[in-house]
Amino acid sequence: PRRLKIAPAGAATASAHFEQWAAMTLALSRAERQVLAGFAVVVVAMAVLHEVMQLKELKEAVQKQLLEDYYTVLGVSEGASQHDVAIAWKRAMGSIEMRPHNEEGRIRRAHVTTAHETLASVDLRSAYDRQRHMVRLASDGLTMAAVGAPLLAALWLALHVLRALASLLGLGGGAARPGGFDPKSFEGRLAATLAKIEVSVDIEIRRGDPSKKLGMKLAPGSGGSSLLIEDVHEGGATEAHNRAAKGTAQTSPLPGREGLKSWCSPEVWVGDELVSVDGASRPSDMMGKLQANSVSLSVTVKRPIKTFLPWVTELNLTRASAEERWGCQMTQAKDCSGTMQVMEVDPSGVLGRWNVMNPPAAVRTGDRIVAVDREFEAARILKVLTDPSSLATAWVVVRGLRDKRPQQPSAREYGPFTRQRDEKLGIRIGPALQSPLDGIIVENGGEGAFVVKQVLPGYVVDTWNRNVGAACQVLEGSVVVSVNGRTDPLEFSSELKKTSVRMRLRPPRGTQQALEGERGASTDASARGPKDAAARASNANGASSGGSSSSSSAIAGPQPVVLHFDKQPWARSVFGQWAPGFLLPKSFDDRLRDNLSRMRCIFPVELQRGSEDRGAEARRIGLNLVTARDELGGLLVSEVSPAGLVGQHNG
């Protein structure tokens, strides 16, 4: 490797050399990067071991400076008897050479005599042992302060260096991978806030016949302070209330989306938690109210965000002056999320005008304002909104949705998108909670899933959307499953730069594509045009839907799915995200690729020469052969001549 020299030409030259070094570092193979990370860990471990040895030596030096160890001077243990002390004193005195002007021997004799006088007396020895114990404690404290603090600082610095190295080289998981948000980042704080959101809905249940049963199956709720609705039976008063509420509830919380309901719907759903019944809040009192033969019941249900699909959007509001109001009445939510709940929207305010100009992202009553100008918590949100100097703000708004179809839409093929070398694809993808947030529906546990953020007009994907039908268009908000067969989000960027791109996407919930995919009548967008797409869609979507039509009946809400995973490898348990790749089992993609590379198809071929092909003018076989470089060896056919015998046989 050639040596990098930074000339004193200025910051531009240094920046160029640094970029060149970074490119060389990122070009290392996976094994080389793991070796580099392992070397860094070994260096840190050796430094820690060296500090531990220094700690022991420093401790002994501090104790010697504070108080002389008489047991060490005489060479006896702490539990030595008086007889052992006397023998040790005589032995030590005999080993000292007494000569005139021997200052060292005189000092040594004085130390031994003092040690014997102290340990030979029971009272003096007891007092000395107490003083020696206090000195040990003091020396331990001084040693920890002198060495422990720098050691902890070194470990903290080494940890951050390793994290930065992992982020640079693409090692490990967590925050270094797409979708694994840093808890301190905006995306990580947004995901944490969403997990805390709960909505309370007041519902009035009326039954004409007081003796009619409610038809709810209840169980103790979270914390024992509520009642969990496990089932709603048919024929009961609650089921009749739900049928009546469907006509008055807000069944289309998103324009152009079907089958979605808002979290503020007055229906009673499976997964709701009863927190109040006719003013009673204790579970025993609520059960008494429910069992009473009353004509109407006023209940309050609590709905955690985990039972919904969060719809997240980001809107930029601008006002002309500080006197102009934002036009939104809000109050702090009663849960522990620190969000603001929208109570009313003034049509003449800034937010009302935004709703008129942006119907798909219109803010409605019951929505939650999670952050304003990337500031979380209700107090900080209000501080930004009431600041006279805040004329332009960015709001993050969340709305809970419920889909009557609990399963996700089937993934479909789109493409190929073919572009020239200097032509742009015109599509932007990224994690679901990463800005921009233009009305993204986040699946449960899919905060880090990659979705289509934007389709830029005038480029390849936009041209594709204009040339195909609505059932084959690439929609914003679609979940990216794979790009050119690659399912690792780290590889999406490089795959999108290729001249031919195929994408497998999962359409957004409630769209026409999602509904057609569930009914099994959708067309596949993987063909080059709408005519070919119709011919190839039946098999692709039929296989992916897996009989989803059987579950098309109304379902009260999302049902929990239990996934059983194999026990994680021992190397992952020991080393965590720093586990070397050669200690981990191969991934499914690697094993599939290895198995496919070993597959062989063996078949006999019989070639016959006619009477005209015999003699000196016999026709050649017509094969161009090269030596194969795989484990089977042999000869590899690199070309077949159409005029040869093999070409005639193929024809």
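The structure presented is a predicted model; accordingly, all values stated were derived computationally and were not measured.

Things to note about the packing of aromatic side chains
Applying the stated criterion across every chain, the model contains eight aromatic pairs. Between the aromatic rings of Tyr71 and Tyr128, the centroid separation amounts to 6.2 Å while the plane-to-plane angle is 45°, which identifies the pairing as tilted. One end of the pair, Tyr71, is in helix α3 (residues 70–74); the other, Tyr128, is in helix α6 (residues 122–169), with 57 residues separating them in the sequence. You can call Tyr71 buried: its relative accessible area is 3%. Their ring planes at 80° and their centres at 6.3 Å tell us that Trp263 and Phe308 sit as a pair that is edge-to-face. Within this pair, whereas Trp263 is found in the loop between β4 (260–262) and β5 (273–277), its partner Phe308 is found in the loop between β6 (296–304) and β7 (309–318), the two being separated by 45 residues in sequence. Residue classification places Phe308 among the buried residues on the basis of a relative accessible area of 1%. Here a set of aromatic residues connected by ring pairs shows up, and it is made of Tyr70, Tyr71 and Tyr128. Sitting above the plane of the Phe308 ring, Arg402 keeps its charged end 5.0 Å from the centroid.

Here we look at the pattern of salt bridges
For the structure shown, the criterion picks out 17 salt bridges. With a shortest N-O distance of 2.7 Å, Glu443 and Arg509 are connected by a salt bridge. Of the two residues, Glu443 sits in the loop between β14 (440–441) and β15 (450–455) while Arg509 sits in the loop between β17 (500–506) and α14 (512–519), which places them 66 residues apart along the sequence. Counted as one network, the salt bridges with shared partners bring together Arg486, Glu491, Glu495 and Lys498.

Quick look at the pairing of strand β3 (residues 227–232)
Where strand β2 (residues 216–220) and β3 come together, five bridges link them in antiparallel fashion. Across the sheet, Ala219 pairs through a bridge with Leu228, a residue of β3. If you look at the hairpin formed by β2 and β3, you'll find six residues sitting between the two strands, and Gly223 has a positive phi there, around 75°. Pairing analysis gives two bridges linking β3 to β5, with the strands arranged antiparallel. Note on β5: the bridge partner recorded for Leu228 is Glu273.

Observations concerning the sheet that holds β2
Taken together, the five strands give an open sheet; going across it, the order is β1-β6-β5-β3-β2, and neighbouring strands pair in antiparallel fashion. Among the strands making up the open sheet, the edge pair consists of β1 (198–206) and β2. Averaged over neighbouring strand pairs, the angle between their axes works out to 40° when direction is ignored. Set on the sheet, helix α9 (residues 283–291) makes contact with β2, β3, β5 and β6; between it and β5 the angle comes to about 75°.

A word on the packing of helix α4 (residues 82–94) against helix α5 (residues 103–120)
Look at α4 against α5: their axes get within 10 Å of each other, and the N-to-C directions meet at 170°. By the criterion of interaxial angle, the relationship of α4 to α5 is roughly antiparallel. Contacts from Gln82, Val85, Ala86, Trp89, Ala92 and Met93 of α4 reach α5 at Arg109, Val112, Thr113, His116, Leu119 and Ala120. Residues of the contact of α4 with α5, tallied by class, amount to eight nonpolar, three polar and one charged.

Quick notes on the nonpolar core
Within the largest apolar cluster, 42 residues are counted, with the highest numbers of intra-cluster contacts made by Leu190 and Leu274. Counting residues per element, the ones that place at least two in this core are α7 (186–196), β1, β3, β5, α9, β6, β10 (368–372) and β11 (392–403). The dominant element in this core, judged by the number of residues it contributes, is β1, at four residues. Setting aside its immediate chain neighbours within four residues, Leu190 contacts Val370, Phe376, Val396, Leu433 and Leu437. By size, the runner-up hydrophobic cluster in this structure holds 21 residues, among which are Ile427, Cys472, Val480 and Leu505.

Let's talk about empty space enclosed by the protein
The gaps left among the atoms become clear once a water-sized probe is rolled over them. Across all of its chains, the model carries one cavity of 30 Å³ or more by this definition. A volume near 50 Å³ is recorded for the largest cavity. If you go around the largest cavity, the residues you meet are Pro409, Ile441, Glu443, Gly477, Val479, Arg506, Pro507, Pro508 and Arg509. Each residue belonging to the lining of the largest cavity can be placed in one class, and the counts come to five nonpolar, one polar and three charged.

Some remarks on unusual backbone geometry
Gly415 connects to Pro416 through a cis peptide bond whose omega is 10°. Counting through the fold element by element, Pro416 comes out in strand β12 (residues 412–418). With an omega of 5°, the peptide bond between Ser435 and Pro436 qualifies as cis. In this fold, Pro436 is placed in the loop between β13 (427–431) and β14.

What about the side chain of Arg368?
Within the fold, Arg368 resides in strand β10. Separated by 2.5 Å, the side chain of Arg368 and the backbone oxygen of Glu198 make a polar contact. Polar side-chain contacts of Arg368 include one of 3.0 Å to the side chain of Thr339.

Focus: the side chain of Arg509
Since its relative accessible area comes to 4%, Arg509 is described here as buried. A polar atom in the side chain of Arg509 sits 3.5 Å from the backbone oxygen of Gln407. Among the polar contacts made by the side chain of Arg509, one reaches the side chain of Glu443 at a distance of 2.7 Å. Not counting residues within four places of it along the chain, the set of residues in contact with Arg509 comprises Arg257, Leu260, Leu309, Asp403, Arg405, Pro406, Gln407, Gln408, Pro409, Ile441, Glu443 and Ala514.

Some points on helix α10 (residues 350–357)
For α10, the set of buried residues is Val350, Leu351, Gly352, Trp354 and Asn355. The inward-facing, buried residues of α10 contact β7, β8 (328–332), β9 (340–345) and β11.

The rules we used
Residues numbered from 1 in each chain as written. Predicted model: local features only at pLDDT ≥ 70, side-chain atom pairs only at ≥ 80, totals over all residues. Heavy atoms only, no water. Phe/Tyr/Trp six-rings, centres within 6.5 Å; stacked < 30°, edge-to-face > 60°. Helix = DSSP H or I, 4+ residues; strand = E, 2+ residues; numbered from the N terminus. Buried < 20%, exposed > 50% of the residue type's maximum accessible area, 1.4 Å probe, protein only. Lys NZ or Arg CZ within 6 Å of the ring centre and 35° of its normal. Salt bridge = Lys/Arg side-chain N within 4 Å of Asp/Glu carboxyl O. Pairing = 2+ DSSP bridges. Axes fitted to C-alpha atoms, helices over the stretch in contact; angles between N-to-C directions. Contact = heavy atoms within 4.5 Å. Parallel < 35°, antiparallel > 145°, perpendicular 65-115°, else oblique. Nonpolar A, V, L, I, M, F, W, Y, C, P; charged D, E, K, R; others polar. Core = buried A, V, L, I, M, F, W, Y, C linked by side-chain atoms within 4.5 Å. 1 Å grid on protein atoms, 1.4 Å probe; cavity = no way out; pocket = protein on both sides within 12 Å on 5 of 7 lines; lining within 4 Å. Points joined across faces, edges and corners; volume = space filled by probe spheres on them. Polar contact = N/O pair within 3.5 Å; in protein donor to acceptor, adjacent residues only side chain to side chain.

Fair warning: the whole summary comes from geometry, so function is off the table for now.
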